[in-house]
Amino acid sequence: MSHVFARHSKSAPRKAVRGAGVYMYDTDGRAYFDGSGGAAVSCLGHGDADVIAAVQAQVAQLSYAHTSFFTSDPAEELADRLVADAPGDLDKVYFVSGGSEAVEAALKLARQYFVEIDQPQRHRFIARRQSYHGNTLGALATGGNQWRKQAFAPIMTETSLIAPCYAYRGQRDDETPFDYGQRVANELETELLRLGPDTVIAFVAEPVVGATLGAVPPVEGYFKRIREICDQYGVLLILDEVMCGMGRTGTLFAHEQEGITADIVTIAKGLGAGYQPIGAMMCTAAIHQAIADGTGFFQHGHTYIGHPTACAAGNAVVKKLTAGLVERSATMGARLQDALVAEFGQHPHIGDIRGRGLFRGLEVVADRSGKTPFDPALGVNKQIKQTAMDNGLACYPMGGTVDGQMGDHVLLAPPFILEDHHIDEIVTKLKQTFDAVL
Ligand code: PLP
């Protein structure tokens, strides 16, 4: 009997003992192709010698230094590296230990910024339905994933939620993708006017929606319009790249592809690639300056922020990403998309195949022409996850795609080091799984 408080009490997870390249192995020696890097984490695969060496060297040199006493070389180097490669005016990096912490830091910094610049009446956030920003109370409140929120609603702050940019289901027959994007972006303006624009702190969104929708990119022009509205009403734009950032979509920062700049960006997952728990919140020089000119102190902090060993892993990871692996995510991602479309493009139960780079989603439907989802009571996504594991493929299926209740999708986020034959392996194992479940 395990004393670990597992995610599920009614089923025991398999035990992983080893990882090598794109595979993970359990106690029986069974291999699993790591088709989703857990939850889009393991972008370098397992056992990367350079990252391991960097972590080992740092832990021997200086394993820990509390940030209220010291900075450290790995933290300084990683901040320089991220700022040098970031789009727009992002200039300061606040290191944390994961995605939810990065989002909490972003929300608090955005609020404190307005307190510092004498706009304390701004106290609201607007975000989107069908988004996920983490499981801590502030991040959970900002997310639009209803089943994750329901039980905790009475103890969370209220956030306004507008429509996601989800063309497969939202775009009407009489509008172009661009017009659709403008229509849903304009919901931000409508909501701002309803709330009173000067009461709103920020709009929060994932550039490419991950866990909740299954790798859904925005349509052309959507984020440009969002940026315009934020500027018009003095509202900050917080982009959550915890899942879609760090090369996952084929550019180091996902929002580079939208031609916009952000005020605050959160990253995590691929930043440590699973070798260390690390995340970061990045903000513009202007936001940081407001704090510096005011109280001079961001009212935040955790014991493990700026952890030198975690930052050493981050440096080793980002070095590899920027030395060619981000481009590899783009090219291999396009090949993966082609292979998925070739095999499942006409599949009666696959309604949509989407994504960018090595971040791909397949939406599973009962009826392709009507886009009708399966009855959630069937637990199709759970069956796919289980059967895929039995077939030696770890992927990331999820339910509630349509509205938090209905709908199923499968998210793929394999390591950037995969080869062409691994794409065949993913498609073959997915086909076996769909044949059995659907
Ligand atoms: N934001 C996004 C977009 C995510 O996908 C996630 C996790 O899946 C989080 C935040 C929370 O990150 P973490 O699980 O590391 O706390």
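Refer to the preceding data block for the structure.
Focus on the overall build of the chain
Argument step 1. Within the chain, the secondary structure is distributed over 13 helices and 15 strands.
Argument step 2. Relative to the compact-globule value of 22 Å for 438 residues, the chain shows a C-alpha radius of gyration of 21 Å, a close match.
Argument step 3. Projected onto the principal axes, the alpha-carbon positions of the chain cover approximately 60 × 60 × 45 Å.
Argument step 4. Partitioning the intrachain contacts of the chain with sequence separation of at least 6 by distance along the chain shows that 72% fall at a separation of at least 24.
Argument step 5. When the accessible surface of the chain is split by element, carbon and sulfur atoms take 52% of a total near 18700 Å².

What to know about empty space enclosed by the protein
Argument step 1. On inspection of all chains with the given rule, the structure shows one cavity of 30 Å³ or more.
Argument step 2. Lining the largest cavity are Ala40, Cys43, Val242, Met243, Gly245, Met246, Arg248, Lys269, Gly270 and Phe416.
Argument step 3. In terms of residue class, the lining of the largest cavity is made up of six nonpolar, two polar and two charged.
Argument step 4. There are two domains that each give the lining of the largest cavity at least three residues, and those are domain 1 (16–47 + 327–437) and domain 2 (50–320).

Structural notes on the packing of aromatic side chains
Argument step 1. Counted according to the given criterion, the structure contains six aromatic pairs.
Argument step 2. Measuring from centroid to centroid gives 4.9 Å for Tyr113 and Phe114, while their planes differ by 65°, and the two rings are edge-to-face. Taken individually, Tyr113 and Phe114 each receive the classification buried, so the pair is uniform in this respect.
Argument step 3. The ring of Tyr25 has Arg18 sitting right over it, with the charged end atom 4.1 Å from the ring centre.
Argument step 4. Here the guanidinium or amino end of Arg148 rests over the ring plane of Tyr132, the centre of that ring lying 3.9 Å away.

Let's talk about the nonpolar core
Argument step 1. The biggest cluster of nonpolar side chains holds 90 residues, and the ones touching the most others in it are Leu82, Phe95, Phe203, Leu321 and Leu430.
Argument step 2. Built from parts of two domains, this core gets at least three residues from each of domain 1 (16–47 + 327–437) and domain 2 (50–320).

Observations regarding the state of the cysteines
Argument step 1. The tally for this structure, following the rule as stated, stands at zero disulfides.
Argument step 2. Cysteine Cys165 shares no disulfide, and the gap to the nearest cysteine sulfur, in Cys244, comes to 14 Å.
Argument step 3. Exposure remark for Cys165: the relative accessible area of 2% places this residue in the buried category.
Argument step 4. The thiol of Cys244 is not disulfide-bonded; the next cysteine sulfur, from Cys43, is found 13 Å away.
Argument step 5. What makes Cys244 buried here is its relative accessible area of 1%.

Regarding the packing of helix 12 (residues 380–390) against helix 13 (residues 420–437)
Two quantities define a packed helix pair, namely the angle between the helix axes and the distance between the axes.
Argument step 1. Helix 13 packs onto helix 12 with a crossing angle of 130° between their chain directions and a minimal axis gap of 9 Å. The pairing of helix 12 with helix 13 is recorded here as oblique in orientation. Crossing of helix 12 against helix 13: the hand is right-handed. Where helix 12 approaches helix 13, its residues Val380, Gln383, Ile384, Thr387 and Ala388 are matched on the opposing element by Thr433, Phe434, Ala436 and Val437.

Re the sheet that holds strand 3 (residues 31–34)
Argument step 1. With mixed pairing, four strands are arranged side by side in an open sheet as 1-2-3-13. Here the strands that pair on one side only, and so sit at the sheet edges, are strand 1 (16–20) and strand 13 (393–394).
Argument step 2. Relative to strand 3, strand 2 (residues 23–26) is paired through three bridges, and the arrangement is antiparallel. Paired with Tyr25 across the bridge in strand 3 is Ala31.

Some thoughts on the sheet that holds strand 9 (residues 264–267)
Argument step 1. If you trace the seven strands from one edge of the open sheet to the other, you get 4-10-9-8-7-5-6, paired in mixed fashion. A strand with exactly one partner marks an edge of an open sheet, and here the two such strands are strand 4 (90–96) and strand 6 (160–162). In this sheet, neighbouring strand axes are inclined to one another by 20° on average, regardless of whether the strands run parallel or antiparallel.
Argument step 2. Here strand 4 pairs with strand 10 (residues 279–284) via six bridges, running antiparallel. Bridge pairing in strand 10 links Val96 to Gly279.
Argument step 3. Running over the sheet, helix 10 (residues 285–293) touches strand 4, strand 8 (236–240), strand 9 and strand 10 and is turned about 85° from strand 10.

A short note on the pattern of salt bridges
Argument step 1. For the coordinates displayed, the defined rule picks out 20 salt bridges.
Argument step 2. Where Arg172 meets Asp174, a salt bridge forms, and the shortest distance between an N and an O atom there is 3.3 Å.
Argument step 3. Classification of Arg172 by relative accessible area gives partly exposed; the value is 44%.
Argument step 4. According to the relative accessible area criterion, Asp174 is exposed, its value standing at 63%.

Concerning the site of the ligand
Argument step 1. As a matter of local geometry, the ligand sits amid Gly98, Gly99, Ser100, Tyr132, His133, Gly134, Glu206, Asp240, Val242, Met243 and Lys269.
Argument step 2. Backbone polar atom of Gly99 to an oxygen atom of the ligand: 2.8 Å apart, as the coordinates give it.
Argument step 3. Here an oxygen atom of the ligand sits 2.9 Å away from a polar atom, N or O, in the side chain of Lys269.
Argument step 4. Within the complex, 82% of the 390 Å² of free accessible area of the ligand lies under protein.
Argument step 5. Counted by class, the shell around the ligand contains three nonpolar, five polar and three charged residues.

How each quantity is defined
Residues numbered from 1 in each chain as written. Predicted model: local features only at pLDDT ≥ 70, side-chain atom pairs only at ≥ 80, totals over all residues. Heavy atoms only, no water. Helix = DSSP H or I, 4+ residues; strand = E, 2+ residues; numbered from the N terminus. Rg over C-alpha atoms; globule rule 2.2 N^0.38 Å. Contact = heavy atoms within 4.5 Å. Areas by Shrake-Rupley, 256 points an atom, 1.4 Å probe, with all protein chains shown as cover. 1 Å grid on protein atoms, 1.4 Å probe; cavity = no way out; pocket = protein on both sides within 12 Å on 5 of 7 lines; lining within 4 Å. Points joined across faces, edges and corners; volume = space filled by probe spheres on them. Nonpolar A, V, L, I, M, F, W, Y, C, P; charged D, E, K, R; others polar. Domains from an automatic or database assignment. Phe/Tyr/Trp six-rings, centres within 6.5 Å; stacked < 30°, edge-to-face > 60°. Buried < 20%, exposed > 50% of the residue type's maximum accessible area, 1.4 Å probe, protein only. Lys NZ or Arg CZ within 6 Å of the ring centre and 35° of its normal. Core = buried A, V, L, I, M, F, W, Y, C linked by side-chain atoms within 4.5 Å. Disulfide = S-S within 2.5 Å. Axes fitted to C-alpha atoms, helices over the stretch in contact; angles between N-to-C directions. Parallel < 35°, antiparallel > 145°, perpendicular 65-115°, else oblique. Left-handed = near helix turned anticlockwise from the far one by under 90°. Pairing = 2+ DSSP bridges. Salt bridge = Lys/Arg side-chain N within 4 Å of Asp/Glu carboxyl O. Near = heavy atom within 4 Å. Polar contact = N/O pair within 3.5 Å; in protein donor to acceptor, adjacent residues only side chain to side chain.

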